[in-house]
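The lines below spell out each chain.
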Amino acid sequence: MAAERTFIAIKPDGVQRGIVGEIISRFERKGFKLVGLKQLIPSQSLAEQHYAVHKERPFFSTLVNFITSGPVVAMVWEGEGVILSARKLIGATNPLQSEPGTIRGDLAIDIGRNIIHGSDGPETALSEIALWFEVSEVTDWIPSDYSWRTEK
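Analysis parameters
- Residues numbered from 1 in each chain as written.
- Predicted model: local features only at pLDDT ≥ 70, side-chain atom pairs only at ≥ 80, totals over all residues.
- Heavy atoms only, no water.
- UniProt positions renumbered as here; feature names shortened; annotations may be inferred.
- Helix = DSSP H or I, 4+ residues; strand = E, 2+ residues; numbered from the N terminus.
- Buried < 20%, exposed > 50% of the residue type's maximum accessible area, 1.4 Å probe, protein only.
- Contact = heavy atoms within 4.5 Å.
- Phe/Tyr/Trp six-rings, centres within 6.5 Å; stacked < 30°, edge-to-face > 60°.
- Lys NZ or Arg CZ within 6 Å of the ring centre and 35° of its normal.
- Polar contact = N/O pair within 3.5 Å; in protein donor to acceptor, adjacent residues only side chain to side chain.

So, the UniProt feature "binding site: ATP" (unreviewed entry) in the protein
Per the UniProt record, "binding site: ATP" (unreviewed entry) is annotated on Lys11, Phe59, Arg87, Thr93, Arg104 and Asn114. Looking at where arginine 87 falls in the secondary structure, it is placed in helix H5 (residues 82-90). Look at arginine 87 and you get partly exposed, because its relative accessible area is 34%. Sequence-distant contacts of arginine 87, that is, excluding residues within four places in its chain, are made with Gly118, Ser119 and Asp120. Residues in contact with arginine 104, not counting those within four places in the same chain, are Ile90, Gly91, Ala92, Thr93, Pro95, Ser98, Asn114, Ile116 and His117.

As structure tokens, then:
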């Protein structure tokens, strides 16, 4: 059985600012395994599907326009408790309410340009991964240190 997976996207502001490596490093240092990675400029359709839960809200078009405005780094991360841990690493949606030490707390200042998206639960993670990645784009692999990390 596969470990828990989550979808993470570095938004155009994070890519444009050149902080992709720093963000990836935070997930790696936490001990999560990167199993899917690609850069793309999302289509209007992909963006609308991704933000469909906000379709009736007044900021929907702003979200769609921003996420399609430049390159996004889309990722799938795997590990025990990765969804909740990723949410803690990312910080509150509003960077001004994010704790220091979180990605948004350290690197973002505006709710409309908050650098990163992370799935908020298991069902959302499954649907977002399926929306952004083909099955063949997500790789199953075993880290070389797996055996000593899992011995109890």
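A few points about the packing of aromatic side chains
Per the stated rule, a full pass over the model turns up three aromatic pairs. Through pairs of rings, three or more aromatic residues link up here, namely Phe7, Trp132 and Phe133. Positioned above the aromatic ring of phenylalanine 133, the side-chain terminus of lysine 38 is 4.9 Å from the ring centre.

What to know about the environment of aspartate 13
Along the chain, aspartate 13 falls in helix H1 (residues 12-16). Judged by its relative accessible area of 10%, aspartate 13 falls in the buried class. As a C-alpha pair, aspartate 13 and glycine 112 span 99 residues in sequence and 9.8 Å in three-dimensional space. Here aspartate 13 is in contact with Phe66, Arg113, Asn114 and Ile115, once residues within four sequence places are set aside. Among the polar contacts listed, one links the side chain of aspartate 13 to the backbone nitrogen of asparagine 114, at a separation of 3.5 Å.

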